[in-house]
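# A structural walkthrough
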Amino acid sequence: MQSVTFTILRYDPAGGGEPRYQDFQVNITKPGMMVLDGLNQIRWEQDGTLAYRRSCREGVCGSDGVNVNGANMLTCVTHIEEVARKGRVVIQPLPGLPLIKDLVVDLEDFLRKYFTVKPYLITRAPAPDKERLQSPAERRRLDGLYECILCACCSSSCPSYWADPEYLGPSALLNVWRFIDDSRDEGAQERLDILDDHHGAWRCHTILNCVEACPKGLNPTKAITGIKTALLKRKF
Ligand code: FES
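Reading guide: rules and limits
- Numbering of residues starts from 1 in every chain and runs along the sequence as written.
- Where totals are concerned, whole chains, interfaces and linings use all residues; where local detail is concerned, this predicted model gives features only for residues with pLDDT of at least 70, and gives and counts side-chain atom pairs only at 80 or more.
- To get the side-chain values, all heavy atoms of the structure are used, and hydrogens and water are removed first.
- Each helix is a run of H or I in the DSSP string that is no shorter than four residues. Each strand is a run of E no shorter than two, and both are numbered from the N terminus.
- When a residue's accessible area, from a 1.4 Å probe over protein chains only, is under 20% of the maximum for its type it is buried; when over 50% it is exposed; and in between it is partly exposed.
- All accessible-area figures derive from a Shrake-Rupley calculation using a 1.4 Å probe, and residue coverage is judged against the displayed protein chains alone.
- Just so you know, the count uses Lys and Arg for positive and Asp and Glu for negative, and it drops His and the chain ends.
- Where a charge lies is defined by one atom per residue type, namely NZ (Lys), CZ (Arg), CG (Asp) and CD (Glu).
- Think of a polar contact as two N or O atoms within 3.5 Å of one another; within protein, one of them needs to be a possible hydrogen donor and the other a possible acceptor, and neighboring residues in sequence only count if both atoms come from side chains.
- In this description, contact between two residues means that some pair of their heavy atoms is separated by no more than 4.5 Å.
- Here, a salt bridge means any Lys or Arg side-chain nitrogen found within 4 Å of an Asp or Glu carboxyl oxygen.
- Definition used in this section: a nonpolar core is a set of buried Ala, Val, Leu, Ile, Met, Phe, Trp, Tyr and Cys residues joined via side-chain atoms within 4.5 Å.
- Arc definition: directions from the helix axis to the C-beta atoms.

### A short note on the overall build of the chain
Within the chain, the secondary structure is distributed over nine helices and seven strands. Overall, the C-alpha framework of the chain stretches about 60 × 35 × 30 Å when taken along its three principal axes. Here the chain, with 236 residues, has 45% of them falling under the buried criterion. By element, 52% of the accessible surface of the chain is carried by carbon and sulfur atoms, the whole surface being about 12,300 Å². Within the chain, one finds 30 positive and 30 negative side-chain charges whose respective centroids are separated by 2 Å.

Encoded structure:
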């Protein structure tokens, strides 16, 4: 593979135009090039106005979620050769989120929902002299939950999230379960009050797009099932 065509959605509200697709040729200059390498090549060598987010290049910061060939993923950990189909890669912004420019979406509402669920330890007992201890088994319960990098790939892949602007979404729900299920936390009841709502956990219809989209291999649907179970136990 000598080169690949990147078909990228372009949108510049300052220019007053409608969104459109633009083709760029990306030269494959080394083995293992990532989609982010291709975007950088375009921006640095062909069109400095192309807008996209990136920071760590290691799949850690979560800033570079986009839609590639119809699936949400991180550009920095996605090999071009994995996604090129007949020499072409179609790249669009994350769906269901307000578009700012090119591949950059507005994450303000997504993050507002994250903070709504109080994503921090709530404790009432006096602080111990040292740390609040957990058993190894209690700590292991947080595996698969604490690794979320808030890239928004899951929420933006969810039809329920697109349909209901107030739905908290899989990312916020996974993150709230990370604290409800934490043996040191004492804020479960106030969190469950927030979640027991048709914009909360009950909006999830187990479509599972979030599981497919998560670049860290997490399972928001399983976390949401935990929340629903806790809500039902509280009720009955
Ligand atoms: Fe940080 Fe991709 S650039 S996760």
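### Points about the side chain of Asp 185
Relative to the helices and strands, Asp 185 resides in the loop between helix H6 (169-180) and helix H7 (188-195). A distance of 2.9 Å separates a polar atom in the side chain of Asp 185 from the backbone nitrogen of Gly 187. Excluding residues that lie within four positions of it along the chain, Asp 185 makes contacts with Tyr 120, Leu 121, Ile 122, Phe 179 and Arg 191.

### A word on the pattern of salt bridges
Under the definition given, this model contains 17 salt bridges. Here Arg 57 makes a salt bridge to Asp 37, at a shortest N to O gap of 2.7 Å. Taken as a pair, Arg 57 in the loop between helix H1 (35-45) and strand E3 (65-68) and Asp 37 in helix H1 lie far apart in primary sequence, 20 residues in all. With relative accessibility at 42%, the residue Arg 57 sits in the partly exposed group.

### Points about the environment of Gln 41
Along the chain, Gln 41 turns up in helix H1. Beyond its immediate stretch of four places on either side in the chain, Gln 41 contacts Gln 25, Val 26, Asn 27, Thr 29, Met 33 and Gln 46.

### A word on the nonpolar core
Membership of the largest hydrophobic core comes to 56 residues, with the highest contact counts inside it found for Phe 6, Ile 8, Ile 91, Leu 195 and Ile 227. Ranked by residues supplied to this core, first place goes to H6 with six residues. Those residues in contact with Phe 6 that lie beyond four places of it in its chain are Gln 22, Asp 23, Phe 24, Val 26, Val 35, Gly 38, Leu 39, Ile 42, Ile 80, Val 89 and Ile 91.

### Comments concerning helix H3 (residues 108-116)
Within the span of H3, buried status applies to Phe 110, Lys 113 and Tyr 114. The buried side chains of H3 occupy one side of the element, clustering within an arc of 105° when seen end-on. With respect to the buried face of H3, the exposed residues turned more than 90 degrees away are Glu 108 and Phe 115. Where H3 is buried, its residues meet helix H5 (159-163) and H6. In the segment just after H3, Lys 118 is the residue with positive phi, at about 60°.

These figures come from the coordinates and say nothing about function on their own.
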